[in-house]
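# Reading the structure
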Amino acid sequence: MNSVVLISEPDVNAAICQFIFSYVRPQIAMNNIVQGWMNYDVLPPDNNEFAVFSMSNTGRQMTNLSGFFNEKDYGEIALFQSRIQIDVCSDDSNVARQRSNSIMNIGRSGTGVRFFQQYGISLLNTADGIPVDYVDGAGNTVKRFVNNVNISYYSIITETDVESFDKVKANIRNVRVLPTEGVKKWQLELPVRYPRGLS
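What comes next concerns the included structure. All figures in this text were calculated on a predicted structure; none of them were measured in a lab.

### Considerations on the nonpolar core
Counting 27 residues, the largest nonpolar core has Ile16, Ile20, Ile86, Val88, Phe116 and Ile151 as the members making the most contacts within it. If you list the elements that add at least two residues to this core, you get helix H1 (12-23), strand E2 (51-60), strand E4 (73-90), helix H2 (93-107), helix H3 (110-117), strand E5 (121-126) and strand E8 (141-161). Take this core: its biggest share by element is 6 residues, from H1. Setting aside residues up to four positions removed in sequence, Ile20 forms contacts with Ile33, Ala51, Phe53 and Ile86. Val34, Val52, Cys89 and Tyr134 belong to the second largest nonpolar core, which has 6 residues in total.

This is how it looks when you write it as structure tokens:
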């Protein structure tokens, strides 16, 4: 029996990055979309026109489902749900607000749902943007809106090749079928063999 263990799930980071680039207006340059506040990526040095996204509160939402994915591969899948925080920043509070509104509008539309489906992700809901300004290293106030987007996706946590068969050949010998007395049912009598010493 050959077995292979695989873990595969959608590329959530690639999906979020492309979502921001494709739908946030006024548009943010791709190299100004940064993953996570906590990974110490350097923010764009020239301006405050950028977006930062991070995944939080990821948790499994169900017991694993087991079954065959095709004719020979057996495995288990689990449903995960995550909250994605998308922060859009600008020197202009109106631009930051417009960017936040575009995330809300697309995140609550069929367009957003269809976009994430191509990545194997379900878009659940998008919260209202919250203004949270911050002071950068130079002492300047940067206008920032925080949006939370909730998504879910399936993760295949194991996949195993299982030996199987689709045909069976059986030889049955020494079977007698007797009518039971007074009843119109048939009784199947198979010979019983006991181990030595038992009768």
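The discussion continues.
### Describing the pattern of salt bridges
Scanning the model with the defined rule gives 4 salt bridges in all. Between Glu49 and Arg99 there is a salt bridge, and its shortest N-O distance comes to 2.8 Å. In this pair, Glu49 sits in the loop between strand E1 (33-35) and E2 while Arg99 sits in helix H2, placing the two residues 50 residues apart along the sequence. Asp87 is the partner of Arg144 in a salt bridge, and the nearest nitrogen-oxygen pair spans 3.3 Å. Of the two residues, Arg144 sits in strand E8 while Asp87 sits in strand E4, which places them 57 residues apart along the sequence. Residue classification places Arg144 among the buried positions, given a relative accessible area of 14%.

### Topic: the packing of aromatic side chains
Applying the stated criterion across every chain yields a total of 7 aromatic pairs. Ring geometry for Tyr23 against Phe115: centres 5.6 Å apart, planes inclined by 90°, an arrangement best described as edge-to-face. Taken together, the positions of Tyr23 in helix H1 and Phe115 in helix H3 put the pair 92 residues apart, joining distant regions of the chain. One aromatic cluster is present, formed by Phe19, Tyr23, Phe115, Phe116 and Tyr119 through successive ring pairs.

### A look at the packing of H1 against H3
H3 packs onto H1 with a crossing angle of 140° between their chain directions and a minimal axis gap of 10 Å. When the axis of H1 is compared with that of H3, the two are oblique. The element H1 and its partner H3 pack so that their crossing is right-handed. Residues Ala15, Ile16, Gln18, Phe19 and Tyr23 of H1 lie in contact with H3, whose contacting residues are Thr111, Phe115 and Phe116. Per-class residue counts for the contact of H1 with H3 are 6 nonpolar, 2 polar and no charged.

### Brief notes about the side chain of Arg99
Owing to a relative accessible area of 3%, Arg99 belongs among the buried residues under this scheme. With residues up to four places along the chain from it excluded, the contact list for Arg99 reads Val24, Arg25, Pro26, Gln27, Ile28, Glu49, Phe50, Val88, Cys89 and Ser90.

Criteria and cut-off values
- Residues numbered from 1 in each chain as written.
- Predicted model: local features only at pLDDT ≥ 70, side-chain atom pairs only at ≥ 80, totals over all residues.
- Heavy atoms only, no water.
- Core = buried A, V, L, I, M, F, W, Y, C linked by side-chain atoms within 4.5 Å.
- Buried < 20%, exposed > 50% of the residue type's maximum accessible area, 1.4 Å probe, protein only.
- Helix = DSSP H or I, 4+ residues; strand = E, 2+ residues; numbered from the N terminus.
- Contact = heavy atoms within 4.5 Å.
- Salt bridge = Lys/Arg side-chain N within 4 Å of Asp/Glu carboxyl O.
- Phe/Tyr/Trp six-rings, centres within 6.5 Å; stacked < 30°, edge-to-face > 60°.
- Axes fitted to C-alpha atoms, helices over the stretch in contact; angles between N-to-C directions.
- Parallel < 35°, antiparallel > 145°, perpendicular 65-115°, else oblique.
- Left-handed = near helix turned anticlockwise from the far one by under 90°.
- Nonpolar A, V, L, I, M, F, W, Y, C, P; charged D, E, K, R; others polar.

Function cannot be read off these values alone, since they describe shape.
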